[in-house]
Amino acid sequence: LLITERVAVVLGLFIADGHAPKDDTGTSIWHLSSGYKERHVQLVCDFAKDLGLSYKVRRSGKSIDILIYSTQLAKALRHYFYAGSVKCVPDLILTSNNRVKSAFLFGWYEGDGKHLEDVTKAFGISTSSNYAALSAYDIYLSLKVYPGFRVEPPSKKGVLETYVVECRNWDVKRLGWD
């Protein structure tokens, strides 16, 4: 799989809100919640089309699921990204050029990020996986962006803690996201 900037954004969306269940359906799912943008839907659908795969878009209220049907893709995503609290950023991203790394972080931010509206004037990406958070931190450093790192306690019983990697607003230009 050639990792272009466009593919990197799709994979960033996947690490944010995607999963590939271990069932026999061979389906990978991009779950885009209330903040999704139509361009995200189009990017994931184009990704499936470019690979010659069938897909289905399911809309439900303010969220949307994009299901891509391919046993090989589902296995590859599980192999490279794992799942849940052990989700990680694969080497194929970590060893990519800076434009691909930045595009991956952009997709992740677009899928699961938050703009921190408090006095910090920062934006961040969040995850329940410390592995993925540390990899994001490492990618930011490789791009000469110096992020903060914090752990938020579980919001309720049975929920995992959240790892947040945050950057200042002026880093947006350095990342090429403006």
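Residues numbered from 1 in each chain as written. Predicted model: local features only at pLDDT ≥ 70, side-chain atom pairs only at ≥ 80, totals over all residues. Heavy atoms only, no water.

Another point: the confidence of the model for the protein chain. Across the protein chain, the average pLDDT comes to 85, with 90% of residues at or above 70. The lowest-confidence element of the protein chain is strand E5 (residues 113–116), averaging 62 in pLDDT; the highest-confidence one is helix H4 (residues 91–94), averaging 94. (pLDDT = per-residue confidence, 0-100. Helix = DSSP H or I, 4+ residues; strand = E, 2+ residues; numbered from the N terminus.)

Glancing now at the side chain of Glu110. Note that Glu110 resides in helix H5 (residues 98–112). In this structure, Glu110 is in contact with Leu13, Lys37, Arg39 and His40, ignoring residues within four places of it in sequence. (Contact = heavy atoms within 4.5 Å.)

Another aspect to go through is helix H2 (residues 38–50). End to end, H2 covers 18 Å across 13 residues, agreeing with the expected 18 Å (1.5 Å per residue, within 8%). Of the residues making up H2, those classed as buried are His40, Val41, Leu43, Val44, Cys45, Phe47 and Ala48. Just downstream of H2 lies Gly52, where phi reads positive at about 70°. (Expected span 1.5 Å × (residues − 1). Buried < 20%, exposed > 50% of the residue type's maximum accessible area, 1.4 Å probe, protein only.)

Now for the packing of aromatic side chains. Here the structure, examined in full by the defined rule, presents 6 aromatic pairs. Between the aromatic rings of Phe14 and Phe81, the centroid separation amounts to 5.4 Å while the plane-to-plane angle is 65°, which identifies the pairing as edge-to-face. Within this pair, whereas Phe14 is found in helix H1 (residues 5–17), its partner Phe81 is found in helix H3 (residues 71–81), the two being separated by 67 residues in sequence. Of the two residues, Phe14 and Phe81, both sit in the buried class. Feature note: the residues Phe14, Trp30, Phe47 and Phe81 constitute an aromatic cluster, connected by ring pairs. Lying over the aromatic face of Phe14, Lys87 brings its terminal NZ or CZ to 5.4 Å of the ring centre. (Phe/Tyr/Trp six-rings, centres within 6.5 Å; stacked < 30°, edge-to-face > 60°. Lys NZ or Arg CZ within 6 Å of the ring centre and 35° of its normal.)

Attention now goes to the sheet that holds strand E2 (residues 27–32). Strand-to-strand pairing in sheets goes through backbone hydrogen bonds, with the strands running parallel or antiparallel. Spatial strand order, E1-E2-E4-E3: 4 strands in an open sheet with antiparallel pairing. Each edge of the sheet is formed by a strand with only one pairing partner; in this case those strands are strand E1 (18–19) and strand E3 (54–60). As paired strands, E2 and strand E4 (residues 63–69) are joined by 6 bridges and run antiparallel to one another. Paired with Ile29 across the two strands is Leu67, which belongs to E4. Lying on the sheet, H3 is in contact with E2 and E4; it crosses E2 at an angle near 65°. (Pairing = 2+ DSSP bridges. Axes fitted to C-alpha atoms, helices over the stretch in contact; angles between N-to-C directions.)

Where burial is concerned, most of E2 is hidden: 5 out of the 6 residues are buried. Pairing between E1 and E2: 2 bridges, direction antiparallel. Bridging across to E2, Gly18 finds its partner in Trp30.

Glancing now at unusual backbone geometry. In the Ramachandran plot, Lys144 falls in the positive-phi region, its phi being about 65° despite a non-glycine side chain. Here Lys144 shows up in the loop between helix H6 (130–142) and strand E7 (148–152). Overall, Lys144 belongs to the exposed group, its relative accessible area being 55%.

Attention shifts here to the environment of Lys101. The topology assignment puts Lys101 in helix H5. With 39 residues separating them along the chain, Lys101 and Tyr140 place their C-alpha atoms 8.5 Å apart. When residues no more than four places from it in sequence are discounted, the contact partners of Lys101 are Ile93, Leu94, Ser96, Ile139, Ser142 and Leu143.

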